[in-house]
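Each chain, letter by letter, is given below.
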Amino acid sequence: HMVEFSAGTLAAERERADRAAAERAAAVDTAGVTVESRSITVRDGDALELRLYRGATEAVAPLVIYAHGGAFVT
């Protein structure tokens, strides 16, 4: 998807990208997976939002940590 960005196209492109991401997320098969959202208050009082995904297993491994930096914006 190629877009020439300008101040006039930014809102529409952000909406399109958000809609596409929501559609991809909705298509993921999460059968057998529990999803838990948590919030941790950090030193400066801000909240760190976490989402934990657990499969139906008793194993302690593997573990994947994904940290989005938040600086990637449209």
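Scroll up to find the structure this text is about.
Quick look at the structure, then. (Residues numbered from 1 in each chain as written. Predicted model: local features only at pLDDT ≥ 70, side-chain atom pairs only at ≥ 80, totals over all residues. Heavy atoms only, no water.)

1. Points about the overall build of the protein
Looking only at helices and strands, the protein has one helix and two strands in total. In the protein, the succession of helices and strands from N to C terminus is α-β-β. Per-residue burial for the protein yields a buried fraction of 3% across its 74 residues. A sequence separation of at least 24 residues applies to 13% of the contacts in the protein between residues at least 6 apart. (Helix = DSSP H or I, 4+ residues; strand = E, 2+ residues; numbered from the N terminus. Buried < 20%, exposed > 50% of the residue type's maximum accessible area, 1.4 Å probe, protein only. Contact = heavy atoms within 4.5 Å.)

2. Some words on the pairing of strand 2 (residues 47-55)
Here strand 1 (residues 33-41) runs beside strand 2; their pairing, made up of nine bridges, is antiparallel. By the bridge assignment, Thr 41 is partnered in strand 2 with Ala 47. Between strand 1 and strand 2, which pair antiparallel in sequence order, lie five residues; one of them, Gly 45, sits at a positive phi of approximately 95 degrees. (Pairing = 2+ DSSP bridges.)

3. Remarks on the pattern of salt bridges
Scanning the entire structure with this criterion turns up four salt bridges. In this structure, the salt-bridge partner of Glu 15 is Arg 19, at a minimum N-O distance of 3.4 Å. Taken together, the residues span about one helical turn, with Glu 15 and Arg 19 both in helix 1 (residues 10-26) at a distance of four residues. Using a relative accessible area of 42% as the deciding quantity, one classes Arg 19 as partly exposed. Between Glu 36 and Arg 38 there is a salt bridge, and its shortest N-O distance comes to 2.7 Å. Where salt bridges share partners, they join Glu 36, Arg 38 and Arg 54 into one cluster. (Salt bridge = Lys/Arg side-chain N within 4 Å of Asp/Glu carboxyl O.)

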